[in-house]
Amino acid sequence: MVKNIRILWIFYVKLLIPAVLFSLLMNILLGFTAANFGLCFLLFFPVFHYLIYELRLKEEYSFFANFGFSRLFLWIFTFSLSVIINIVSKLI
């Protein structure tokens, strides 16, 4: 279980940093609210997943597949995580 969390952390740390930074930047331009941050994160998190792992680092999917994480699972987890963060930010 801990190994799986570490593998997912390796995958998502490359997405979280730029997604959070760009969401904060866009949030500053739109007016700083938690709801705006959640909306920006909902947009940027899947976009960075596509840009980083589909265009730039295609070969890394095989690394994660060796640990049992398919491309479809990673995409579903990305969308789920972005929706959850969006909903939580709207509730704050």
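Up top is the structure these notes are about.
Conventions used here
Residues numbered from 1 in each chain as written. Predicted model: local features only at pLDDT ≥ 70, side-chain atom pairs only at ≥ 80, totals over all residues. Heavy atoms only, no water. Helix = DSSP H or I, 4+ residues; strand = E, 2+ residues; numbered from the N terminus. Contact = heavy atoms within 4.5 Å. Areas by Shrake-Rupley, 256 points an atom, 1.4 Å probe, with all protein chains shown as cover. Core = buried A, V, L, I, M, F, W, Y, C linked by side-chain atoms within 4.5 Å. Buried < 20%, exposed > 50% of the residue type's maximum accessible area, 1.4 Å probe, protein only.

(A) View of the overall build of the protein. Helix and strand counts for the protein come out as 4 helices and 0 strands. For the protein, the N- to C-terminal ordering of α and β elements is α-α-α-α. C-alpha extents for the protein along the principal axes are approximately 45 × 25 × 20 Å. Counting contacts in the protein only where the partners sit at least 6 residues apart, residues at least 24 apart contribute 67% of the total. Looking at the protein as shown, the accessible area adds up to about 5,900 Å², and 77% of this sits on carbon and sulfur atoms.

(B) Up close: the nonpolar core. If you look at the biggest cluster of nonpolar residues, it comprises 19 residues, and the most contacted ones within it are Phe11, Tyr12, Leu15, Tyr53, Phe64 and Leu74. If you list the elements that add at least two residues to this core, you get α1 (2-30), α2 (34-56), α3 (60-65) and α4 (71-91). Looking at this core element by element, the count peaks at 7 residues for α2. If sequence neighbours within four positions are ignored, Phe64 has contacts with Ile7, Ile10, Phe11, Tyr53, Phe69 and Leu74.

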